[in-house]
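Here are the chains, one letter per residue:
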Amino acid sequence: MGPLPPAFARQQGALTIAGEDAAALVAAHGSPLFVYDLAGVAAQVARFRAAMPVAIGLHYAIKANPYAPLLAAMAPLVDGLDVASGGELERALAVKPAGAVSFAGPGKRDDELAAAIAAGATLNIESAGEARRALAVGERLGIAPRAAVRVNPDLELRGSGMKMGGRASPFGIDAEEAVAVVRALIAGGATWRGFHIFAGSQALDAGALIETQAATLALAARLADAAGVAPPLVNLGGGFGVPYFAGDVALDVERVGAALTESLERRADVLADSGIALELGRWLVAEAGVYLTRVVDRKVSRGETFLVVDGGLHHQLAASGNFGTVVRRNYPLAVAGRMGAVGEEEVSVVGCLCTPLDRLGDRVLLPRTAEGDEIAVFLAGAYGLTASPSAFLGHPAPAEVVVG
Ligand SMILES: *Cc1c(COP(=O)(O)O)cnc(C)c1O
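Residues numbered from 1 in each chain as written. Predicted model: local features only at pLDDT ≥ 70, side-chain atom pairs only at ≥ 80, totals over all residues. Heavy atoms only, no water.

**Comments concerning the pattern of salt bridges**
With the rule as written, the count across this model stands at 16 salt bridges. Among the ionic pairs, Arg109 bridges to Glu112, the shortest N-O distance being 3.9 Å. Its relative accessible area of 8% is what places Glu112 among the buried residues. For the salt bridge of Arg363 with Asp362, the shortest nitrogen-to-oxygen distance reads 3.2 Å. A single network of salt bridges, built from pairs that share partners, joins Glu304, Arg359, Asp362 and Arg363. (Salt bridge = Lys/Arg side-chain N within 4 Å of Asp/Glu carboxyl O. Buried < 20%, exposed > 50% of the residue type's maximum accessible area, 1.4 Å probe, protein only.)

Structural data, given as structure tokens:
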């Protein structure tokens, strides 16, 4: 199993989340249940602010967790919200002024472009064709689109769980083509907003992030010089990872912040007046979420003990190993009523879906567990419910609740 997040690692006895008893939360809201600790989210934002240069803006990529009460709590803590669909745009505009909302993602439909342009959100333009469509939609509405160019960089984030740069990609405009699109947008009357350069995700290696951020700043400067216009904002992407699995070590954000301070001091003249931002998803919210699911059945098959729970991959796909991981490994989990208890038996925790993919813990060591006990699956604050196939098998939706 991966390491329990710091807020839970030393708990003994009954699990509490932001001081609230997990069993009481389940009694009040039902099982399965997602609990998000808002104090934990705020603490993570505070840690970011303390570690990073003051000039760095923090954006939240809301696809990590768009739950409305969490988003409402997050909005005043961050400088921007990054969205990737018309639906997310609506959620973001409900809690943040349009000037602080940017819309990335491939395949934006004309109605989505129109909604963003009408509201005054920034479009992170993903292709030359999208630039043409955005200008046409702006013309039809009589509103100049606020546009940044998302660049597919000629570099990639080393050690990143999900590589997105340095190769052919549906995301962004190849660095070699970006300047032409910047010129076309400006010539077409768009309000120029700058560059968005996202090189990868889920990096735990501070050295890799430091290198990537420095290279990304240099790329932005090169493109700005070639285009002959300074970018009001450079969004350097994010990529801050979370330790999910055995052997993972938490990212040293303080080291990343110190290096970024130096990179900013050395930045090229063309970026002297540019705002610089990072956009983070999972790092801000993953550890603040716990998925609680009750053991419905305990059975033994050919020597292997199975705990069958009332939740599963339809709520928490990532913990089943079916969301972007090559080899299935166990997320940290625990018996909610017996935190800190020694492991007594090797069991497999499986969900209630009729597919062998639905496994939340594969041969994990847990204290003796009976029907009715609650299993806590940690790191459920990011890419949980909205990143899971909740319609599959037709079970009811789980409740979500915020505490703290
Ligand atoms: C998904 C996404 C993010 C957030 O990624 P995390 O790994 O959750 O931090 C940030 N930026 C863009 C463009 C994304 O698509």
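**Some points on the nonpolar core**
Leu15, Met52, Tyr60, Val149, Phe195, Phe240 and Leu292 are the most contacted members of the largest nonpolar core, which has 125 residues in total. Here the element with the most residues in this core is helix α9 (residues 206-227); it accounts for eleven residues. Among the domains, domain 1 (6-36 + 286-403) and domain 2 (66-280) are the pair contributing at least three residues each to this core. Each residue touching Leu15, except ones within four places of it in the same chain, is listed here: Phe8, Glu20, Asp21, Ala22, Val290, Leu292, Ala336, Met339, Ala376 and Phe378. (Core = buried A, V, L, I, M, F, W, Y, C linked by side-chain atoms within 4.5 Å. Helix = DSSP H or I, 4+ residues; strand = E, 2+ residues; numbered from the N terminus. Domains from an automatic or database assignment. Contact = heavy atoms within 4.5 Å.)

**Let's talk about the site of the ligand**
Around the ligand, the structure places Ala61, Lys63, Arg150, His196, Phe198, Ser201, Glu279, Leu280, Gly281, Arg282 and Tyr383. In this structure, Tyr383 approaches the ligand through a side-chain N or O atom, which is 2.6 Å from an oxygen atom. A per-class count over the shell around the ligand returns four nonpolar, three polar and four charged. (Near = heavy atom within 4 Å. Polar contact = N/O pair within 3.5 Å; in protein donor to acceptor, adjacent residues only side chain to side chain. Nonpolar A, V, L, I, M, F, W, Y, C, P; charged D, E, K, R; others polar.)

**Overview of the domain arrangement of the chain**
Domains assigned within the chain are domain 1 (6-36 + 286-403) and domain 2 (66-280). For domain 1 versus domain 2, the separation of C-alpha centres amounts to 34 Å. Taken together, the contacts link 13 residues of domain 1 with eight residues of domain 2. Here domain 1 packs against domain 2, burying approximately 1,000 Å² in sum over the two surfaces, 70% of which is carbon and sulfur. Put simply, domain 1 and domain 2 have zero salt bridges between them. At the junction of domain 1 with domain 2, the criterion picks out one residue pair in polar contact (both at pLDDT 80 or more). Examining the composition of the side of domain 1 that touches domain 2, we find that three residues originate from one element, strand β21 (residues 399-403), more than from any other. Across the side of domain 1 that touches domain 2, the residue classes break down as seven nonpolar, three polar and three charged. (Buried area = accessible area lost by both parts, 1.4 Å probe.)

**Concerning the environment of Pro243**
Within the element layout of this structure, Pro243 appears in the loop between β13 (233-235) and α10 (253-265). Along the sequence, Pro243 and Gly105 sit 138 residues apart, while their C-alpha atoms lie 26 Å from each other. When residues no more than four places from it in sequence are discounted, the contact partners of Pro243 are Pro3, Leu204, Asp248, Val249, Ala250, Glu287 and Leu379.

**What about the side chain of Glu130?**
On the secondary structure map, Glu130 appears in helix α7 (residues 128-141). If we ignore the near neighbours within four places in the chain, the residues touching Glu130 are Gly105, Gly107, Lys108, Leu113, Asn124 and Ile125.

**Quick notes on the environment of Phe48**
Counting through the fold element by element, Phe48 comes out in helix α3 (residues 38-51). Residues contacting Phe48, with those up to four places away along its chain left out, are Ile56, Leu58, Phe240, Leu278, Leu280 and Trp283.

**A short note on unusual backbone geometry**
A cis amide bond links Ser31 to the next residue, Pro32, at an omega of -5°. By the secondary structure assignment, Pro32 is in the loop between α2 (22-29) and β3 (33-37). A positive phi angle, near 45°, is found at Arg302, a position not held by glycine. Position of Arg302 among the secondary structure elements: in the loop between β15 (289-301) and β16 (304-309). If you check the backbone angles, Leu393 has positive phi at about 80° while not being a glycine. Mapped onto the fold, Leu393 is located in the loop between β20 (374-378) and β21. What makes Leu393 partly exposed here is its relative accessible area of 42%.

**With respect to the packing of aromatic side chains**
For the structure on display, the rule yields eleven aromatic pairs. Both rings, one in Phe34 and one in Tyr291, keep their centres 4.7 Å apart while their planes meet at 35°; by these two values the pair is tilted. Of the two residues, Phe34 is situated in strand β3 and Tyr291 in strand β15; the sequence distance between them amounts to 257 residues. Taken individually, Phe34 and Tyr291 each receive the classification buried, so the pair is uniform in this respect. Ring plane angle 35° and centroid distance 5.0 Å describe the contact between Tyr244 and Tyr331, whose orientation is recorded as tilted. Placement of the pair is Tyr244 in the loop between β13 and α10 and Tyr331 in the loop between β16 and β17 (333-335), with a sequence separation of 87 residues. A relative accessible area of 4% means that Tyr244 is categorised as buried. What links up through ring pairs into an aromatic cluster is the set Phe34, Tyr36, Tyr67 and Tyr291. Its end group placed over the ring of Phe103, Lys108 keeps NZ or CZ at 5.5 Å from the ring centre. (Phe/Tyr/Trp six-rings, centres within 6.5 Å; stacked < 30°, edge-to-face > 60°. Lys NZ or Arg CZ within 6 Å of the ring centre and 35° of its normal.)

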